[in-house]
Amino acid sequence: MNIKRDIAQGVGAASTWALQHVFGRPAANFPGKVGLYIDPQLIGDLASCIHEGSVAVVGTNGKTTVTNLLADAFEAAGKSVVCNRTGANLDSGVATALMHTHGADWGVFESDELWLAKITPQLKPDYVVLLNLFRDQLDRVGEIDHIQESIALALASSPQTTLLYNADDPLCQAVADRVDNQVVGFGIGEDLDLAQNTVADSGMCQHCDAMLDYQWRQYGQLGAYHCPSCGFTRAEPAFVAHNVRFAADSTAFDMAGREPGVSVMVPLAGAYMAYNALAVHAAACLCGLAPSAVEAAIEAFDPHNGRLQSYDIDGFRILLNLAKNPTGFNQNLRIIEQDKGPAAVAFFINDKEADGHDVSWLWDIDFQELAAVDGLAVYAGGIRSHDMQVRLKYAGIDAQLVEDAEDFLARARAAVPDGSYYLIANYTALPEVKGELDRMEHLPAAQPVTLQRPLQGESELLEGESLVIVHMYPELLNLYGDGGNVTVLAERARRRGIDVSVVRVEHGQDANLDEADIVFLGGGPDREQRLASQSLLDRADDLRAYVEDDGVLLAICGGYQILGREWLLGDEVMDGLGIIGITTGRAQGGSHNRLVGNIVLQSPLAQAPIVGYENHAGRTFLDAGCKSFGWVIGHHGHGNNDADRADGVLHRNVVGTYLHGPLLAKNPEVADHLIQCALNRRAAKLGKPAPSLPPLDDSAELAANAAMCHRLGVHS
Ligand code: GLN
């Protein structure tokens with residue numbers, strides 16, 4: 001008899017009843033939370049009642065779909081299953097699912113990546129399925145290495161667990177390489193020939209400091225890769241998809257790895273569905289399920305959880321989907337782009353705890369692709385609707401703000417009467433949008449919406465000249481939306497009729513700074529930052545000469561640290577470029593001791609408060625006499641270090657700062673300051689008078705700035 005477990009079960013059952021019957025709320029977490037409080041070993045105790053085995057599913061994208069499909073496949077094979085189907089994926093969600101079931105044949109559990117380390121030692125699953133690792137909620141996890149470490153730790157706590165992993169993902173392969181567990185890979189065995197997105201996670205080797213060579217790249221960092229320097233490589237996967245075919249609303253492929261081969265058809269579109277279906281088939285095979293069970297599950301799959309859920313409201317075709325990080329978002333945009341008819345789309349973005357408070361990642365999404373879609377009306381909603389609107393503005397899309405799903409559908413129906421309507425929502429925005437769609441039967445009539453034309457530039461400030469923006473190492477120094485600063489600079493210059501060319505200098509390429517008007521260095525995870533800084537050291541003299549010649553340089557976070565004398569990576573002191581008088585160290589606790597959160601500054605470069613988001617382990621100290629970029633207002637953020645209440649540096653025409661956001665999106669005065677300095681310098685060289693910038697309509701940017709100031713209680 002296990003008294004603690006029995007008490008925990010009893011209290012859990014009572015709280016489930018109360019939540020459902022008294023408060024009318026689903027009970028996906030709370031009973032487990034209470035249960036674990038009473039019996040911390042509850043997951044282990046209850047898991048021992050599962051008869052045949054269990055599977056834990058982790059990964060940034062696709063967890064809920066894969067978990068549900070696998071659970072359905074077990075049921076189709078006549079097995080009873082315990083599963084946290086709604087995506088409550090912390091230990092409390094797993095415990096709650098277990099408390100609701102008494103001794104199932106199999107357990108299938110979705111787990112949050114960081115919580116796997118808490119769940120695995122007790123659950124001791126037979127299999128962990130690792131789907132992929134993309135940038136997601138960096139304000140919660142810091143940098144992606146931390147997730148890899150945590151998953152490896154989880155696997156070490158359960159040596160008999162087999163890891164089924166996506167071999168196409170170098171970040172997953174690196175986890176498989178470092179654990180002692182048995183590992184089995186799955187992957188796609190051919191080039192899918194997909195258009196590439198601008199920002200992807202690390203194309204850097206996971207073991208040494210070289211860039212990976214790709215034989216082909218599907219999306220994000222997924223593909224067939226190997227390191228030319230140390231030999232790190234995609235291990236030949238055991239389960240391989242071949243002959244992948246995409247149609248507007250289906251995905252099909254043949255799977256090798258079980259005998260005889262399996263032919264797979266999924267009635268859902270999107271390249272990531274190929275990976276999801278492959279993972280389900282591979283996991284099913286390992287668990288001894290026949291392919292027919294998976295086929296039955298896929299055929300009957302009708303997600304009622306807002307993942308690719310379609311609605312038919314008053315004869316209108318409506319598709320709702322979750323997208324919560326750049327890679328998932330870009331895949332969603334592809335689905336909209338494939339729609340050949342008229343269409344409207346609304347993006348609902350929240351920034352609650354489960355979403356991540358930092359929405360800089362919106363700038364890593366290729367929204368500009370939507371600008372090319374004819375007749376597409378675009379809307380922005382959710383808590384961060386203003387940020388979304390600004391982001392879309394700089395992608396050349398004039399988006400209206402919407403209150404909610406109902407408001408969107410009313411406007412969309414008026415603007416695009418015969419269209420398909422898409423609603424894309426991030427994590428906490430999704431349930432509300434879904435709730436509205438579930439409820440909605442009749443749409444109110446709406447007034448047609450007139451789109452504003454983007455501002456046209458009129459001035460020809462420097463005829464025949466173009467402003468050259470050099471983005472150094474965009475594939476290494478481009479953490480969470482920093483590249484958006486380049487977009488903002490270029491777009492604000494173009495709107496004034498100034499010709500702009502953006503030069504991306506990739507690692508290994510040479511930069512010609514003679515022609516540069518603005519140089520940009522973004523932030524980077526430690527590993528990428530090290531590689532970028534080593535290359536920059538080789539051209540330190542050029543960069544120093546450029547700065548001394550009053551060249552404009554914007555450097556964010558990791559890029560800012562590199563400009564100083566030295567910076568610290570773990571315990572290792574790295575040489576900096578020594579261009580400005582700063583030094584960066586780390587606090588006790590190394591890379592896990594981070595300064596993370598919203599930050600508001602008062603800066604000599606702007607009248608309005610400067611808003612942004614910081615996320616860094618480094619602590620920077622300015623030499624005496626160095627000027628900071630701004631002073632922290634109130635208690636909103638840290639900036640350079642834990643004590644000074646100042647952020648960044650100003651040196652000649654250099655702005656260094658810890659602010660992501662990206663910095664310039666909601667702080668147009670700083671953007672214009674940099675453009676103005678660049679124009680002044682260019683004009684002086686040409687012997688012409690310095691032109692002044694005509695004002696732009698910054699209402700969207702200032703509204704986004706004011707919304708954040710208002711939330712933080714700062715007077716703008
Ligand atoms: N890796 C560096 C740090 O943690 C820089 C991070 C960043 O650019 N966001 O301090």
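About the cut-offs
- Residues numbered from 1 in each chain as written.
- Predicted model: local features only at pLDDT ≥ 70, side-chain atom pairs only at ≥ 80, totals over all residues.
- Heavy atoms only, no water.
- Buried < 20%, exposed > 50% of the residue type's maximum accessible area, 1.4 Å probe, protein only.
- Helix = DSSP H or I, 4+ residues; strand = E, 2+ residues; numbered from the N terminus.
- Pairing = 2+ DSSP bridges.
- Near = heavy atom within 4 Å.
- Polar contact = N/O pair within 3.5 Å; in protein donor to acceptor, adjacent residues only side chain to side chain.
- Areas by Shrake-Rupley, 256 points an atom, 1.4 Å probe, with all protein chains shown as cover.
- Nonpolar A, V, L, I, M, F, W, Y, C, P; charged D, E, K, R; others polar.
- Phe/Tyr/Trp six-rings, centres within 6.5 Å; stacked < 30°, edge-to-face > 60°.
- Lys NZ or Arg CZ within 6 Å of the ring centre and 35° of its normal.
- Salt bridge = Lys/Arg side-chain N within 4 Å of Asp/Glu carboxyl O.
- Axes fitted to C-alpha atoms, helices over the stretch in contact; angles between N-to-C directions.
- Contact = heavy atoms within 4.5 Å.
- Parallel < 35°, antiparallel > 145°, perpendicular 65-115°, else oblique.
- Disulfide = S-S within 2.5 Å.
- Core = buried A, V, L, I, M, F, W, Y, C linked by side-chain atoms within 4.5 Å.

### Remarks on the pairing of strand β31 (residues 654-657)
And step 1. Judged by which residues are buried, β31 turns out to be covered on both faces: Val-654 and Gly-656 on one side and Val-655 and Thr-657 on the other are all buried.
And step 2. Pairing geometry for strand β21 (residues 552-556) and β31, over four bridges, is parallel. Counted as the bridge partner of Leu-554 is Val-655 from β31.
And step 3. Where strand β30 (residues 649-651) and β31 come together, three bridges link them in antiparallel fashion. Its bridge partner being in β31, Leu-650 is matched across the sheet by Val-655.

### Section: the site of the ligand
And step 1. Around the ligand there are 17 residues in total, and Glu-143, Gly-524, Asp-526, Cys-557 and Gly-618 lie nearest to it.
And step 2. Within the contact set of the ligand, a nitrogen atom lies 3.1 Å away from a side-chain nitrogen or oxygen of Gln-529.
And step 3. A distance of 2.9 Å separates an oxygen atom of the ligand from a polar backbone atom of Gly-618.
And step 4. Here the ligand has 300 Å² of accessible area as a free molecule, and 100% of this is covered by the chains.
And step 5. Tallied by class, the residues present in the shell around the ligand amount to four nonpolar, nine polar and four charged.

### A few points about the pairing of strand β17 (residues 420-425)
And step 1. Among the six residues that make up β17, six are buried, leaving the element largely enclosed by the rest of the structure.
And step 2. Sheet topology places strand β13 (residues 316-322) next to β17; five bridges connect them, and they run parallel. Residue pairing in the sheet places Asn-321 in a bridge with Ile-424 of β17.
And step 3. Summarising the sheet, strand β14 (residues 343-348) and β17 pair through six bridges and their orientation is parallel. Bridged to Phe-348 within β17 is Ala-425.

### Brief notes about the packing of aromatic side chains
And step 1. The final tally for this structure, using the stated rule, is 14 aromatic pairs.
And step 2. Considering the side-chain rings of Tyr-379 and Phe-408, the 5.3 Å spacing of their centres and the 65° angle between planes classify their relative orientation as edge-to-face. Remark: Phe-408 occurs in helix α15 (residues 405-415) and Tyr-379 occurs in strand β15 (residues 376-381); sequence separation between them is 29 residues.
And step 3. What makes Phe-408 buried here is its relative accessible area of 0%.
And step 4. Aromatic rings pair up to connect Phe-316, Tyr-379, Phe-408 and Tyr-421 into one cluster.
And step 5. For the cation-ring pair, Arg-217 lies above Tyr-214, with the distance from its terminal atom to the ring centre recorded as 4.3 Å.
And step 6. Here Arg-391 stacks its cationic end above the ring of Trp-363, 4.8 Å away from the centre of that ring.

### A short note on the pattern of salt bridges
And step 1. If you walk through the whole model with that rule in mind, you get 39 salt bridges.
And step 2. The shortest N-O distance in the salt bridge between Arg-245 and Asp-254 comes to 3.8 Å.
And step 3. What makes Arg-245 partly exposed here is its relative accessible area of 37%.
And step 4. Among the ionic pairs, Arg-413 bridges to Asp-314, the shortest N-O distance being 3.8 Å. A residue pair is termed long-range when its members are at least 10 positions apart, and Arg-413 in helix α15 and Asp-314 in the loop between β12 (309-313) and β13 qualify at 99 residues.
And step 5. Given the relative accessible area of 23%, Arg-413 is considered partly exposed.
And step 6. Taken together, the shared-partner salt bridges in this structure form one network comprising Lys-393, Arg-492, Arg-496, Asp-672, Asp-698 and Glu-701.

### A word on the sheet that holds strand β18 (residues 466-472)
And step 1. Taken together, the six strands give an open sheet; going across it, the order is β19-β18-β20-β21-β31-β30, and neighbouring strands pair in mixed fashion. Two strands close off the open sheet at either side, each with one partner strand: β19 (499-505) and β30. The sheet shows a mean angle of 15° between the axes of neighbouring strands, direction not considered.
And step 2. Strands β18, β19, β20 (518-521) and β21 of the sheet are contacted by helix α17 (residues 484-494), whose axis makes an angle of about 160° with β19.

### A closer look at the sheet that holds β17
And step 1. Overall, mixed pairing links the six strands, which are arranged β12-β13-β17-β14-β15-β16 in an open sheet. Each edge of the open sheet is held by one strand with a lone partner, namely β12 and β16 (400-401).
And step 2. Together, β14, β15 and β16 form the strand contacts of helix α14 (residues 385-393), whose direction differs from that of β15 by roughly 145°.
And step 3. In the packing of α15 onto the sheet, the strands contacted are β13, β14, β15, β16 and β17, and the crossing angle to β17 comes to about 150°.

### Things to note about the packing of helix α6 (residues 116-123) against helix α8 (residues 144-156)
And step 1. Running from N to C, α6 and α8 point in directions that differ by 10°, and their axes come no closer than 8 Å. Here α6 is positioned roughly parallel relative to α8, judged by the angle of their axes. Contacts between α6 and α8 pair Leu-116, Ala-117 and Thr-120 from the former with Ser-150, Ile-151 and Ala-154 from the latter.
And step 2. Residues of the contact of α6 with α8, tallied by class, amount to four nonpolar, two polar and no charged.

### Let's talk about the environment of Asp-339
And step 1. Topologically, Asp-339 is positioned in the loop between α12 (326-338) and β14.
And step 2. Not counting residues up to four positions away in its chain, the partners in contact with Asp-339 are Arg-317, Ser-420 and Tyr-422.
And step 3. Among the polar contacts listed, one links the side chain of Asp-339 to the side chain of Ser-420, at a separation of 3.2 Å.
And step 4. A distance of 2.5 Å separates a polar atom in the side chain of Asp-339 from a polar atom in the side chain of Tyr-422.

### Section: the packing of helix α2 (residues 30-38) against helix α5 (residues 91-100)
And step 1. With their axes 7 Å apart at the nearest point, α2 and α5 run at an angle of 95° to one another. The orientation of α2 with respect to α5, classified from their angle, is roughly perpendicular. Facing Phe-30, Pro-31, Gly-32, Lys-33, Gly-35 and Leu-36 of α2, the residues of α5 in contact are Asp-91, Ser-92, Ala-95, Thr-96 and Met-99.
And step 2. Here the contact of α2 with α5 is built from residues that sort into five nonpolar, four polar and two charged.

### Here's the deal with the side chain of Gln-529
And step 1. Along the chain, Gln-529 falls in helix α18 (residues 526-538).
And step 2. Of the residues examined, Gln-529 reaches a relative accessible area of 2% and is grouped as buried.
And step 3. In contact with Gln-529, not counting residues within four places along its chain, are Leu-477, Gly-524, Gly-558, Gln-561, Ile-562 and Trp-567.

### A word on unusual backbone geometry
And step 1. The omega torsion of the bond from Glu-259 to Pro-260 falls at -10°, within 30 degrees of zero and hence cis.
And step 2. You can see Pro-260 is positioned in the loop between β10 (250-256) and β11 (262-266).
And step 3. Notably, Asp-193 is not glycine yet its phi reads approximately 60°, a positive angle.
And step 4. With respect to the helices and strands, Asp-193 occurs in the loop between β6 (183-188) and β7 (213-217).
And step 5. Taking relative accessible area as the criterion, Asp-193 reaches 67% and is therefore assigned exposed.
And step 6. In this structure, Asp-314 is a non-glycine residue whose phi angle is positive, near 50°.

### Remarks on the state of the cysteines
And step 1. Tallying each qualifying case throughout the model produces zero disulfides.
And step 2. We note that Cys-205 lacks a disulfide partner, and the nearest cysteine sulfur, in Cys-230, lies 3.6 Å from it.
And step 3. Its relative accessible area of 0% is what places Cys-205 among the buried residues.

### Overview of the nonpolar core
General note: in soluble globular proteins, nonpolar side chains tend to be found buried as a group.
And step 1. The biggest cluster of nonpolar side chains holds 195 residues, and the ones touching the most others in it are Phe-329, Phe-347 and Phe-367.
And step 2. Here this core takes twelve residues from helix α10 (residues 271-286), the largest share from any one element.
And step 3. Residues in contact with Phe-329, not counting those within four places in the same chain, are Ala-323, Phe-347, Ile-349, Trp-361, Ile-365, Phe-367 and Ile-424.
And step 4. In this structure, Val-402, Ala-405, Ala-412 and Tyr-421 belong to the second largest nonpolar core, which totals 25 residues.

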